[in-house]
Amino acid sequence: MSGTFTKSMARNIFYGGTVFFALLFLALTFDSMQTLPKRDNRANLTPAVVAGKKVWEVNNCIGCHTLLGEGAYFAPELGNVYKRRGPEFIKAWIQSQPTGAPGRRQMPNFHLTEQQLNDLVEFLKYSSEINTANWPPNIEG
């Protein structure tokens, strides 16, 4: 091999690397598209879950909470709250906010209707049933 690096060599490395990483990207995309339907819980998507997701978005819950590791870290992870606490606790907790406990962060009261609470709980139930490969690692979020 020559001691000089030519334009032809640089071009070949560039094109070879581009093709390699494009093929790698396509292979990983294909693998993800094959794996996701087995893990994402789409079979349990109901109108109540969709309505609960809308309640989640309209009230910007992700602005304070995380869901499956995504969102803000101001308040607890809610990806497994349904399994940890159950539906009645979740509804009671949301309705009782703010608690007024000194020295604690306070969640505002969003004045949700009973139907909105039920939908939100259905959304959290749906989220808790997604195969997350044991995320979060701590049961308490």
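The structure presented is a predicted model; accordingly, all values stated were derived computationally and were not measured.

### Looking at the UniProt feature "transmembrane region" (unreviewed entry) in the protein chain
According to UniProt, the "transmembrane region" (unreviewed entry) feature falls on residues 12–30. From the first C-alpha to the last, residues 12–30 spans 27 Å; its make-up is 100% helix and 0% strand.

### Some points on the pattern of salt bridges
Applying the stated criterion to the full structure yields 4 salt bridges. Aspartate 40 serves as the salt-bridge partner of arginine 42, at 2.6 Å between the closest nitrogen and oxygen. Looking at arginine 42, the relative accessible area reads 49%, which means it is partly exposed. The salt bridge involving glutamate 57 is made with lysine 53; its shortest N-O contact spans 2.3 Å.

### Things to note about the environment of lysine 53
As for its placement among the helices and strands, lysine 53 is situated in helix H2 (residues 47–58). The class of lysine 53 is partly exposed, set by a relative accessible area of 32%. C-alpha separation for the pair lysine 53 and serine 127, spaced 74 residues apart in sequence, amounts to 9.9 Å. A distance of 2.3 Å separates polar atoms of two side chains, one belonging to lysine 53 and the other to glutamate 57.

### Points about unusual backbone geometry
Each neighbour pair has its own omega, and for glutamine 97 with proline 98 the value is -10°, a cis peptide bond. As for its placement among the helices and strands, proline 98 is situated in the loop between helix H4 (87–95) and helix H5 (114–128). Located in the positive-phi region is asparagine 41, a residue other than glycine, with phi close to 70°. Locating asparagine 41 in the fold gives a position in the loop between helix H1 (7–39) and H2.

### Details of the layout of surface pockets
In this model, the largest pocket occupies a volume close to 730 Å³. Every residue lining the largest pocket is counted, 30 residues in all, and those nearest its centre are His65, Ala75, Pro76, Trp93 and Met107. Per-element accounting of the lining of the largest pocket gives the leading share, 4 residues, to H4. Of the residues contributing to the lining of the largest pocket, the split by class is 19 nonpolar, 6 polar and 5 charged. The computed volume of the second largest pocket comes to approximately 160 Å³. What lines the second largest pocket is a set of 14 residues, and nearest its centre among them are Asn80, Lys83, Ser128, Thr132 and Trp135.

Rules used throughout
Residues numbered from 1 in each chain as written. Predicted model: local features only at pLDDT ≥ 70, side-chain atom pairs only at ≥ 80, totals over all residues. Heavy atoms only, no water. UniProt positions renumbered as here; feature names shortened; annotations may be inferred. Helix = DSSP H or I, 4+ residues; strand = E, 2+ residues; numbered from the N terminus. Salt bridge = Lys/Arg side-chain N within 4 Å of Asp/Glu carboxyl O. Buried < 20%, exposed > 50% of the residue type's maximum accessible area, 1.4 Å probe, protein only. Polar contact = N/O pair within 3.5 Å; in protein donor to acceptor, adjacent residues only side chain to side chain. 1 Å grid on protein atoms, 1.4 Å probe; cavity = no way out; pocket = protein on both sides within 12 Å on 5 of 7 lines; lining within 4 Å. Points joined across faces, edges and corners; volume = space filled by probe spheres on them. Nonpolar A, V, L, I, M, F, W, Y, C, P; charged D, E, K, R; others polar.

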